[in-house]
Amino acid sequence: MATVRPTGSVRWPAVRAWAGRLRLGRLGLRSRVVLTFALGAFLLSTLLAAFTFAFTRSTLLRQRETAVVRQAYVNARQVQDGLRSDPSVVPDLLSGLGLPGGSRPLVCYRSACTALSSAYTQAILPDTLKRRVADDGEAARMRYALNGKPVLAVGIPLLAVAGTYYEVVPLDDISDTLRSVGASLIGAAVITTALGMLLGLWSSRRVVRPLADAAAAASAIAGGRLDTRLEPTDDIDLRGLTAAFNDMASALQQRVERDARFTSDVSHELRSPLMTLSASIQVMQARRDDLPERAQAALDLLVADVARFQGLVEDLLEISRYDARSVRLVRDELLVGEFVRQAVAVSSLPGTPVSVSDRADGLVIDADKRRLARAVANLIDNARIHGGAEGVRVSVDVPAEEGEPVGHVLLAVEDDGPGVPVEERQLVFQRFARGAQAGQRGAGEGAGLGLALVEEHVRLHGGRVWVEDRPEGTPGARFVIELPAEEA
Amino acid sequence: MASPDTTVRATIAPVGTRILTVEDDERIRTSVRMALEDEGWTVDEAASGEAAVDAFAQHTPDVVLIDIMLPGMDGFELCRSLRRNSDVPIVMVTARADTHDVVAGLEAGADDYLTKPFAPKELSARIRALLRRAKPAGPGHHKLVFGDLEIVPDEGKVLLAKRDLHLTKTEFRLLCELASSPGKVFSRESLLDRVWGYGYFGDGRLVDVHIRRLRTKVEADPANPRHVVTVRGLGYRLQS
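From a predicted model like this one, the values you see are computed outputs, not experimental measurements.

Student: Would you take a moment to explain the overall build of chain A for this structure?
Tutor: Scanning chain A for helices and strands turns up 11 helices and 13 strands. Taken over 488 residues, chain A has a buried fraction of 38%. Considering only intrachain contacts with a sequence separation of at least 6, the fraction spanning at least 24 residues in chain A is 62%. Carbon and sulfur atoms form 56% of the exposed surface of chain A, whose accessible area is close to 28,200 Å².

Student: Where do I start with the nonpolar core in this structure?
Tutor: Where a protein is soluble and globular, its nonpolar side chains tend to be buried together. Val22, Val64, Ile66, Leu123, Ile151, Trp196 and Leu238 of chain B are the most contacted members of the largest nonpolar core, which totals 73 residues. Leave out the neighbours within four places in its chain, and Val64 of chain B touches Leu20, Val22, Phe56, Leu82, Val88, Pro89, Ile90 and Val91 of chain B. One finds Phe339, Val340, Val344 and Leu483 of chain A within the second-largest nonpolar core, a separate group that totals 43 residues.

Student: Would you mind going over empty space enclosed by the protein with me for this structure?
Tutor: Rolling a probe over the atoms, with the probe sized like a water molecule, indicates the empty space that remains. All names here are of chain B. Per the counting criterion, the structure on display carries one cavity of 30 Å³ or more. There is about 80 Å³ of room inside the largest cavity. In terms of lining, the largest cavity is formed by Thr21, Val22, Glu23, Ile28, Arg29, Val32, Leu65, Ile66, Asp67, Val93 and Phe118. At the level of secondary structure, the elements contributing two or more residues to the lining of the largest cavity comprise β1 (18-22), α1 (26-38) and β3 (63-67).

Student: Can you help me understand the interface of chain B and chain A in this one?
Tutor: Interfaces are frequently sized by the accessible area removed from exposure as the parts join. Contacts between the two partners involve 30 residues from chain B, matched on the other side by 29 residues from chain A. Between chain B and chain A, the buried area comes to about 2,700 Å², and carbon and sulfur atoms account for 59% of it. The partner of Glu189 of chain B in a salt bridge is Lys369 of chain A, and the shortest N-O contact between them spans 3.9 Å. The interface formed by chain B and chain A includes nine residue pairs in polar contact (both at pLDDT 80 or more). For the side of chain B that touches chain A, the element with the highest residue contribution is α1 of chain B, accounting for seven residues. By residue class, the composition of the side of chain B that touches chain A is 16 nonpolar, four polar and 10 charged.

Student: Would you mind showing me how to read the confidence of the model for chain A here?
Tutor: Low pLDDT means the predicted coordinates in that region are not meant to be read closely. All names here are of chain A. Model confidence for chain A is summarised by a mean pLDDT of 84, while 91% of its residues fall at 70 or above. Per-element confidence in chain A ranges from a low mean pLDDT of 61 for helix α1 (residues 13-22) to a high of 94 for strand β12 (residues 477-484). Below a pLDDT of 50 lies the segment residues 6-10, which in the model reaches three contacts outside its immediate sequence neighbourhood of four places, other chains included. Taken as a whole, residues 438-444 scores under 50 in pLDDT and shows nine contacts with residues more than four places along the chain or in a different chain.

Student: Looking at this model, I keep getting lost on the packing of helix α8 (residues 336-345) of chain A against helix α10 (residues 369-387) of chain A. Mind explaining?
Tutor: Relative placement of two packed helices is described by the angle separating their axes and the distance separating the axes. Residue and element names in this part refer to chain A. At their nearest, the axes of α8 and α10 sit 9 Å apart, and the two run at 60° to each other. The pairing of α8 with α10 is recorded here as oblique in orientation. Remark: the crossing between α8 and α10 carries right-handed chirality. When α8 is examined against α10, the residues Phe339, Ala343 and Val344 are found in contact with a partner set consisting of Lys369, Leu372, Ala373, Val376 and Ile380. Looking at the contact of α8 with α10, its residues break down into seven nonpolar, no polar and one charged.

Conventions used here
Residues numbered from 1 in each chain as written. Chains lettered and ligands numbered in written order. Predicted model: local features only at pLDDT ≥ 70, side-chain atom pairs only at ≥ 80, totals over all residues. Heavy atoms only, no water. Helix = DSSP H or I, 4+ residues; strand = E, 2+ residues; numbered from the N terminus. Buried < 20%, exposed > 50% of the residue type's maximum accessible area, 1.4 Å probe, protein only. Contact = heavy atoms within 4.5 Å. Areas by Shrake-Rupley, 256 points an atom, 1.4 Å probe, with all protein chains shown as cover. Core = buried A, V, L, I, M, F, W, Y, C linked by side-chain atoms within 4.5 Å. 1 Å grid on protein atoms, 1.4 Å probe; cavity = no way out; pocket = protein on both sides within 12 Å on 5 of 7 lines; lining within 4 Å. Points joined across faces, edges and corners; volume = space filled by probe spheres on them. Buried area = accessible area lost by both parts, 1.4 Å probe. Salt bridge = Lys/Arg side-chain N within 4 Å of Asp/Glu carboxyl O. Polar contact = N/O pair within 3.5 Å; in protein donor to acceptor, adjacent residues only side chain to side chain. Nonpolar A, V, L, I, M, F, W, Y, C, P; charged D, E, K, R; others polar. pLDDT = per-residue confidence, 0-100. Axes fitted to C-alpha atoms, helices over the stretch in contact; angles between N-to-C directions. Parallel < 35°, antiparallel > 145°, perpendicular 65-115°, else oblique. Left-handed = near helix turned anticlockwise from the far one by under 90°.

Okay, structure coming up:
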């Protein structure tokens, strides 16, 4: 049987190795779809969040810096103008400046630095900034952390008075803004991932539904409803699957029906001539006494072998019904003791002694009485052929010990024959099996379908059959049928 | 397996009893006729359904034996066509013992069936069983009344709400068996034995299908039977 590699598995070696490391292959299709959707949503939303965050941050900072720098230049000019007219009023100058958003001004003039607050001395400025502004005489700005809080420092040289003007602006508010933006973005990413997972769940259901339909249809077909088909679909991707499945189902149905019809036709074709034989033989038997002795002997042979042929045809038809799986048991609840006595009474040895144990006598089996009686009759035929008619015994008992609950019943047929060697005990139930004792069988009798049919019948009844030695060392074979049984 | 138990208590004398066998296979027809004639029956033959309809009108047989697989009008159709105006006992012969054929044959109106190849002695036993008359239900019971259902065994009459019902012989005998002990539950096995003369290995479907057919006649609403009642797991009983 050809196996089809599942398509849709990863093709590129690198990705396959990666997927292998993640053990995606061990997950079900649905889990994989869900995981893929969630992963995709997570990556996409994280990327977008990071990009948004970076963009927001740089925009906010740029705007703030531009505003701060512009104001600082205005303030620096004002300080420079003030110093030029009256260098002694630096603190007044500082307090008169426009200082938005908690800016701290600092003026260094003639080796003294003046600030509005004593906390803001020259020491809070980074050295690199001071060097650039004071030593190189260039305006500069710098972001750094002051006491763990982000600040922006702007330094402008006051060239006309040989001083420097600094402004330190806290950026806390921007950090706060950015923090809340970040939190929102993380929240959005989490929600997006969850939504991705839900979408994955929904679409995986949608993807898997046709597969589930196909699986249900396949089970229905296997269960015997051969006319089961998938609904035709407009979906371009599923059309192929549906069409292929339905074609397969049709082919299977045709084949099974053809086999069943063949069996039925063979049955009819074989039974019709047997009908003529059976009726004609009866006409001849009614006139047996009028026949010469040789013709009588020939008639007896004819009668015996027509009966055997008839049995063989029945067995063959029954076994082909098993092969075509068209056997339907006609079940009834049967009292096991009564059933076995009746089955023995219609067998080839109606006088066979039957012993039914007290515990087994009240048990009920759910069985097709004709088929099971056939199984018992076949075991009796087998025993008669191997051990002779006198030695055949039938017993019915339960496998459970005294006091245990009864779940099964054992029907055993024993004979006086040589028994079945251990290595042949499986073999005897095969069709047309011939054991080592084939030569001991009556001319032409034996090899057939009898025991194979016993096994099929018993198996269909949920039981099993085996052969063992007779107990206590008595020579002979003991064939046992074990069937599920209940107390009546 | 030997043939099912076919003990028939009442003896029917074959003399003068006509059997129409409908069978397209000439060799089977001839051999079965010879065997049945040996048993003492008078046998008429028909090779097709159409010929059987004519032969039936001409000979008015006591029993008809129909092979299901016939060319043209098949056995089921012939059976239905005969049933339209006759209660003659019909035995279906099938080469296939599938559930479908047997039940379809019984539902078409057959009283019993046999599977090819059968022994002609077996067929004779079946015919005798079908020809047995309904036993009177007991002394002094000229008329049995179950609500709106009345049975007159001696006259072979059944009335539902004062209207005459047409029952086949087998349906009538089945009804009389149930009426012999009103209210008593009869198992399928005991009905098989009493009506058809089958033993332990008789086919219970015979009873089921005939009960179904009987209900379509004696029940006002066959889906909810009031007279012929199923007792789950046990059998059937007749009540008012």
